[in-house]
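A structural walkthrough
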Amino acid sequence: MSCLAEPRAARAPSRSPARSPAPGPPRCGGERRSNASDADAEAGPAQDTQDWNHVVKLLEESNSSNLERQLKILRKVVKRFENGLPLKDLAQIFEILNLCAEKLNDQEAFTEPICELIKLCGLPFQKKKLSDEVSYSMTVSKSIAQLGYLMRVPSSQVRIQICKCIVSFYNVEPPKKLLSGYQPTSANYKIQMAELGGLAETLVLSLALVENQLTEKLWVLKALQYLSSSGVNCRLMLKAQAASRLCVHLNDADPSGQLVFRSSEILWNLLENTSKEEVVNQLSSLECVHALKEVFVHLLMHGFRNYDRQLRNDLLVIATLVAENPAAPMIESGFTKQLVALATFTEVKIPNPLVKGLKLTYSYEDFELKKLLFNVIGVLSKDPCAVQFLSENDVMPALLYYVKPNQKPGFHDWSAAQYEELQLHAIAILATVAPLLLDKYLSCQANTLLLVFLEWCVGQDPFFGQGNSFHGTGGRGSKLAQMRYSLRVLRSVVSLYDDAVNLNLCDQGAISQLLDILKYAANKSKEKEDAILLEIQADILFILSTLCENDLHRKELFGYEGVDILIPFLQMDPNKLFSGLGHVRLLFSALDCLWSCIIGCYIAEDSFLEKQGIFLLLDLLALKQKNLCNIILGILVEFCDNPKTTSHINAWRGEKDQTAANLLIQLWRQEELELGVKRDQYGRIVDMKRPIVSSFQKQQEVIPMPANCPSFAIVEISENMRAKLYSLLCKLGFENLPGLSAKDFVTLAIIRRYLDFKVGEVWRELCEELKKEFRPVTSDEDALKVISEVSEDVGGMIAALQTEMLENQQHQELQEEEKAYAKIQAIHKQREMVNKSWENFLTRTSNYEALKKAKRLQEKSIKASRSKSKSQNVAVHSTDIKGLGTTIGSGCLVTVESTPPQLVGGPLADTDLALRKLSVHGGALKKIKRVKMLDSFKKNSVSVK
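This one's a predicted model, so the numbers in the text were calculated from it and none came from an experiment.

Focus on the overall build of the protein
If you tally the helices and strands in the protein, you get 43 helices and four strands. For the protein, the proportion of its 945 residues judged to be buried stands at 46%. Restricting the contact set of the protein to residue pairs at least 6 apart, pairs at least 24 apart contribute 75%. Carbon and sulfur atoms make up 53% of the accessible area of the protein, which amounts to about 49,900 Å² in all.

Structure below.
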């Protein structure tokens, strides 16, 4: 190959010791000796440039008489560096190797020196300074790369020695003796230099040279196996098409079995350290797939050692990865048919010569093979062309074989844990295969088997799941894993909305059974909430939604019991939605079940309303979670067809006594803010022509489209919540909505005309499309103009109405402010009058002249108030009390004598103050003496004004 025919490096001129090594394979450097001769070259190993030049010159001579001298000098060089090559002499050593390799075609005597020199390269290199590893890195990397190019030498010994040398990079042995003043390089230095020089790529290309030499090929594979432990080398190997080169020759004759083993190890390393897709693409040729099939079948049928079974399983994993590539010719090579037959032959009897006489043992390797074959079925089911093979080989009955209670081990005498793992794996694959083979699914009565199996899952039979596999996660000590995967099968089947499957399920009482299982899972979840229980509940809710959708009879079967079970899901703590366990999915499933199983059935709707379900929905809506609001609004709009719903919505109160109408208007404003609809600071319309158009919609250019394609104005309706909010407020009515502020009324005016604005958008798009396609006639143009003006007038009218609302609100606020100020003024005036009265009182009590003046004014006022005309025979009483020196108006003084306590009883009845006898004559009370107190006030007197 051209890349292996690397030309011998050109000679470099001698250089001074102070200069750094030149790039490429340089000559040996050092101090020049003035008295050098051929005898010096023969006497010992070359130490400077002139000595190396003499050695090279001697080797370049083609005279056969110098053969002994050439071999002798090579032996001395090997003897000199028997403990390791110095970094500074490495380039010259490899130049000698190249010269010897050229002579090997004519003189086989150079084989041994070449092998000895290559063997020296396997020893640790030696350095003088710590910086030598970096200084000579380019030289060393190019020199090690020469090892790959030396594979062109047509000598088995040389090639094997090269591979041994590469293997020694990874099995470093400390040198027995070091040169004076030198120390060995670091352990990984050669590996790093091999990566830098691209040795792995060259070695992969050398496989073409050793195709017919098994021993040499095995050594090359061994070297590649070591090199493939590095990601850098794996990428270099992949660049050289290593995966396809190795796979094509997997089936070559090899009594030792090392060829398949080492090739599979390299392929594994390539898959782990590089792009899996690229490796699979290289293995997806017909030749590679055929070779994989042949070697896998050979190991399956003739491998008897544990090592053979492990290798067989490794190849099956690689084949599974290849099968994931749709472009891989798995069917064309016959590999698909064989894999499907192998996966099902232990459960069903099929006439296939491949499985005739084949038996699986109970070893761990055969157990792994069984699981891998199940996995292959799942991978192959993704290829539509492979479905026929799944049907012909009775995959459905084979998988349904495991849908039964775990009473005793299965077909084989697997352990309980192994059988459970196979069972769960088979049911998991069944969830993938069942939708593809519906006819087989129904003919095998799979629905019946699954429902019976689910009944066992919730039963009281003692069973302790091992839970020690991927599919058994979370099922230890219970039947939750079996329940989980069985429900997955039902979910995958009913999601096809096939009438025959769904009818078959409902006829067997699936709805009531699923409700019982849902109640069981909900109770379990209260004890300990985990992701598996949440997934089970979500799957059941989805299955019920699918079964009951658009079928009134099934909704009635869901009925009261279903409503009772569904309500707690709507009462979920909002903080759990962010727990990551799956509460969000469960809540969405519950809302979907509510929409599909309750709405449309008045019995279920009334039950839901009685249990305050609308209040729960509005509580969730008040969270203002974008993903929740859309579906809840849709449910509420549908629910409003029931006349009892609107009263429930109007009666709801949220935090701070928020009403449903206020919440809906807030959601509208939030939606318009996200859409970028233009509004002023008070929420009024800014753009009269396009009042509800979003910023993104304005950026879209109108493109003429067919009549059956909806325009952007129509598509936009389904992309936000405004249409649902408008519909819901239409159901509630736009009048007499409680709890709204002036800002809410401003927004409500826009919502009320949403449909008119949307019609105007559609007409505007229609006008623009017409103008881009052709020019309308005058009458049509006038009509379109009138329509556009009407839409614009509506926007102006709403803007004027909004302004009027704001002005009325401002006027009302001013009036309320004036009333508040008037009240404050009255309070201050009253306080002033009280203070002034108190001051006048203090003046009269402290100043006698002021008192007399006040008295005169009082008398004058009394006199002025009397009537001027005097009536005859009328007694005039004086209003003055003699000797009274006050200006306070006098009143009547009334003395009231209390009833004696002897008549009414009480705490003073037996005291000395009470009279002992009460004389009664003629039914009247006799006068008694008043009890006088020593105080100046009378005890039983009351002064009345």
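A closer look at a nonpolar patch on the surface
On the surface, a nonpolar cluster with roughly 320 Å² of combined accessible area is contributed by Leu 755, Val 759, Trp 763 and Leu 766. Mapped onto the secondary structure, Val 759 falls in helix α40 (residues 754-773).

Considerations on the side chain of Glu 605
Among the secondary structure elements, Glu 605 is positioned in helix α31 (residues 602-610). Although Glu 605 lies buried, it forms no salt bridge, and the closest oppositely charged side chain, Lys 555, sits 7.3 Å away as judged by the N-O distance. Filtering out sequence-adjacent residues up to four positions away, Glu 605 remains in contact with Ile 598, Ile 599, Gly 600, Phe 639 and Asn 642.

Points about the environment of Gln 666
Along the chain, Gln 666 turns up in helix α35 (residues 660-675). Take Gln 666: its relative accessible area is 25%, and that puts it in the partly exposed class. Setting aside chain neighbours within four positions, we find Gln 666 in contact with Lys 624 and Gln 658.

Considering empty space enclosed by the protein
One pass over the structure, following the stated rule, counts two cavities of 30 Å³ or more. Of the volumes computed, that of the largest cavity is approximately 60 Å³. Lining of the largest cavity is provided by Gly 122, Leu 123, Pro 124, Phe 125, Ser 168, Phe 169, Val 172, Thr 185, Ser 186, Ala 187 and Lys 190. Its boundaries defined by the atoms lining it, the second largest cavity holds a volume of some 40 Å³. Around the second largest cavity, the lining residues are Gly 760, Trp 763, Arg 764, Ile 787, Ser 788 and Ser 791. Sorting the residues of the lining of the second largest cavity by element identifies α40 and α41 (778-846) as the ones contributing at least two each. Each residue belonging to the lining of the second largest cavity can be placed in one class, and the counts come to two nonpolar, three polar and one charged.

Focus on the packing of helix α25 (residues 480-494) against helix α28 (residues 531-548)
Pairs of packed helices are described in terms of their axes, by the angle between the two and the distance that separates them. Between α25 and α28, whose axes approach to 9 Å, the crossing angle comes to 30 degrees. One finds that α25 runs roughly parallel with respect to α28. The handedness of the crossing between α25 and α28 comes out as left-handed. Between α25 and α28, the contacting residues are Leu 480, Met 483, Arg 484, Leu 487, Arg 488, Leu 490, Arg 491 and Val 494 on the first element and Ile 532, Leu 533, Glu 535, Ile 536, Asp 539, Ile 540, Phe 542, Ile 543, Thr 546 and Leu 547 on the second. The class makeup of the residues in the contact of α25 with α28 is twelve nonpolar, one polar and five charged.

How each quantity is defined
- Residues numbered from 1 in each chain as written.
- Predicted model: local features only at pLDDT ≥ 70, side-chain atom pairs only at ≥ 80, totals over all residues.
- Heavy atoms only, no water.
- Helix = DSSP H or I, 4+ residues; strand = E, 2+ residues; numbered from the N terminus.
- Buried < 20%, exposed > 50% of the residue type's maximum accessible area, 1.4 Å probe, protein only.
- Contact = heavy atoms within 4.5 Å.
- Areas by Shrake-Rupley, 256 points an atom, 1.4 Å probe, with all protein chains shown as cover.
- Patch = residues over 30% accessible without salt bridge, like charges linked within 9 Å, V, L, I, M, F, W, Y side chains within 5 Å.
- Salt bridge = Lys/Arg side-chain N within 4 Å of Asp/Glu carboxyl O.
- Lys, Arg positive; Asp, Glu negative; His and termini not counted.
- 1 Å grid on protein atoms, 1.4 Å probe; cavity = no way out; pocket = protein on both sides within 12 Å on 5 of 7 lines; lining within 4 Å.
- Points joined across faces, edges and corners; volume = space filled by probe spheres on them.
- Nonpolar A, V, L, I, M, F, W, Y, C, P; charged D, E, K, R; others polar.
- Axes fitted to C-alpha atoms, helices over the stretch in contact; angles between N-to-C directions.
- Parallel < 35°, antiparallel > 145°, perpendicular 65-115°, else oblique.
- Left-handed = near helix turned anticlockwise from the far one by under 90°.

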